[in-house]
Structure formats: structure tokens, C-alpha cells
Amino acid sequence: MNLQRIDLNLMVAFEALMAERSVSAAATRLGVSQPAMSSTLARLRSLFDDELFVRSGRAMLPTVRAVQLEAQIARALAALRAALEPQAPFNAATSRRVFNVSGGDYATMVILPHLAACLAEEAPFLDLRFRFVEKDATVDLLDTDALDLALGVYPNPPKRMALQTLFDEHFVCVARKDHPGLRDGMTLAAFAALPHLLVTERGDAVGAVDEALAKLGLERRVAMTVPHVLVVPSVLPSSEMIATVGARAARLFAQAAPLAVYDAPVTLPAWRLSMMWSRQKAGDLGLAWLRGLLARIGSRV
């Protein structure tokens, strides 16, 4: 049977005939004329090559074939009606959904405390699985639904991914309070002369600071590299090293440890923390709610 030739209205008419066992009653039920319903019944008989309904007094009794079709057509129509129903709204207050989100140290430190507080208040039954994912693997995990959302720096995302900015960030310097080499502040000379702590997941000893210094004919000594920015407030208070980190992280470090924050004495590129998700999930109301919550947090951190 060629499905392209089937009129779904025939299935609705069959449903009405099975319920009413009368052509005139089925016509009334569907709001059509009796001749139109009689014509529809003739088309149904031709489609299934069966009488489907035979008259017995005033009623029309279904044939064996019609009885066999009833449950199958009812299920098909129910599925179709469900598919056409408007999507139920997402209720954060009662949702028990689990969201899988990735992010690095920076998002963990700056965003996660606020997100945890908001979830406790607005979505107490919702669960979050927050994990670190290698940047090169992020898109594949979003494609396969292993991740719902990724937080990070994504300058050139694939077109199949959507991107929304959480906040723009700039670099500042941090060092221990009463640092003997910074009595005159974070001058360019002090910045170039003092040993540096560099945060780098790759483990190399070159970053944006080195490019900025090279333009001035200067260089620095990277005395230590660490893979996680969260290590910075533990290391610097007992060291003469300085570190260049995002301003929001620096403020948090200064609140938690005896550290001072300085403007960077060189021009460094700003950067952007964003959330990325698959465009295939554009209609996911729960994910849209989570993105809206994160956007709210990003605007105030």
C-alpha cells in the first residue's frame, strides 16, 4: 500500500464509524454531510478491500477486518494527535530532569556557586552533572546528547552549534600582599622582572603575556605552570611569583587569600566566556530555561 496516497481523514472517518456504527451519526460527529460520509466509507472499503461495515437493521456492524484495524488505527491517531499537541511548558519548580554541562576551572569558580544557589531556590529537584571535557571533544559530545550545554571560550564554533555570551572578561595581575618587588605597584619593569605563575592546560610556558612583552622588546621568566586556575590562591601567598588571570577570578582570590590585584601593565586581549549548545535542541524548553538562568547569572557576576 502506497502511504503517499492515503488521506488521513479516512482514518478519522473510520474511527467515527466504529464509534457510532451509523453513517449519519458519524457524519454528524465529524460535521460533514451524510452523502460525504457515504462517499468516505466507499473509499475506505476500496482502500482496505473489505466491506468494513455491514447493515443489520438500523445499525452497521463492523466486519472482522474492521475489528482488526480498530486498535491499530486508534494507536496511530493517538500518536499523531500527541505529536501535534503543543509542547508542555517546562516547570523548573517540579522538574526532576538531569542536565549534563561541561566547563573548565573558570566557569566552575565564577558561575557554579551562583548556579547552585539559583537551582536550590528555583529548581530544587533538578540535578546537574558538571564535568570537565577536553575542548576538542566538546562538539562531538553536544552532537550525541552526552552534553546538553558547554561553558567556555569558543571563538569559532561550528555552524550547527549555537553560542551565547555569558560575559566579557579581561586580564589583571595578582600577587601576594606586601610583595617586596611591588612597592611601587605593578610597573612594566616589575612585571617583566618578577617570576610568573602561568595557568595553562597544555603545559607549555608561553601565553598572551609573552606576545605582549615581545612587542615591547621584553620577556619574562615563567617559573611555574599549573593546569588549573584554582591553584593560584594556594601558591602565590608563599611565593614571589605573580600571575595574570581573569578579573573575576582575581576578585575571588583576593577575598579568599592574602592577595592583591593590579591592573596589567601591558595590553592584553579580552576574552569571552560563552555557553554553547546544539541547534538541534532549539525547541528544548528545559534547556532554554537553563540557558536563561545562566545568562542572568552571567550578567551579574
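As the structure is a computational prediction, the values presented were derived from the model and not from experiment.

Novice: Which residues make up unusual backbone geometry, and what are the values?
Specialist: Notably, Arg 21 is not glycine yet its phi reads approximately 55°, a positive angle. We classify Arg 21 as partly exposed; its relative accessible area is 32%. Phi at Asp 145 is positive, roughly 70°, even though this residue is not glycine. As for its position among the elements, Asp 145 is in the loop between helix H7 (135–143) and strand E5 (149–152).

Novice: Please provide a residue-by-residue account of the sheet that holds strand E4 (residues 127–131), values included.
Specialist: Reading across from one edge, E4-E3-E5-E12-E6 is the order of the five strands in this open sheet, with mixed pairing throughout. In this open sheet, the two strands that pair with only one neighbour each are E4 and strand E6 (161–169). Neighbour-to-neighbour, the strand axes of this sheet turn through a mean angle of 20°, independent of strand direction. Pairing of E6 with strand E12 (residues 271–278) involves eight bridges; the strand directions are antiparallel. Pairing of Thr 165 across the sheet is with Ser 274, part of E12.

Novice: If you had to explain the nonpolar core to someone new, which residues and values would you point to?
Specialist: Leu 149, Leu 151, Val 232 and Leu 294 are the most contacted members of the largest nonpolar core, which totals 45 residues. With five residues, helix H12 (residues 285–298) is the single largest residue contributor to this core. Once residues within four sequence positions are removed from consideration, Leu 294 is found in contact with Ile 111, Leu 115, Leu 149, Leu 151, Leu 166 and Met 275. Met 37, Met 60, Ile 73 and Leu 77 belong to the second-largest nonpolar core, a separate cluster that totals 21 residues.

Novice: Explain the sheet that holds strand E10 (residues 242–246) to me, using residue names and the numbers behind them.
Specialist: Whether parallel or antiparallel, the strands of a sheet pair through hydrogen bonds between backbone atoms. Read from one edge of the open sheet, five strands run E9-E8-E10-E7-E11, paired in mixed fashion. Strands with a single pairing partner mark the edges of an open sheet, and in this sheet they are strand E9 (222–226) and strand E11 (259–263). The sheet shows a mean angle of 35° between the axes of neighbouring strands, taken without regard to direction. For strand E7 (residues 171–176) and E11, the ladder comprises five bridges, and the chain directions are antiparallel. In the strand pairing of E11, Arg 176 is matched with Leu 259. Helix H11 (residues 247–256) rests against E7, E10 and E11 of the sheet, and its axis sits at about 120° to E10.

Conventions we followed
Residues numbered from 1 in each chain as written. Predicted model: local features only at pLDDT ≥ 70, side-chain atom pairs only at ≥ 80, totals over all residues. Heavy atoms only, no water. Buried < 20%, exposed > 50% of the residue type's maximum accessible area, 1.4 Å probe, protein only. Helix = DSSP H or I, 4+ residues; strand = E, 2+ residues; numbered from the N terminus. Pairing = 2+ DSSP bridges. Axes fitted to C-alpha atoms, helices over the stretch in contact; angles between N-to-C directions. Core = buried A, V, L, I, M, F, W, Y, C linked by side-chain atoms within 4.5 Å. Contact = heavy atoms within 4.5 Å.

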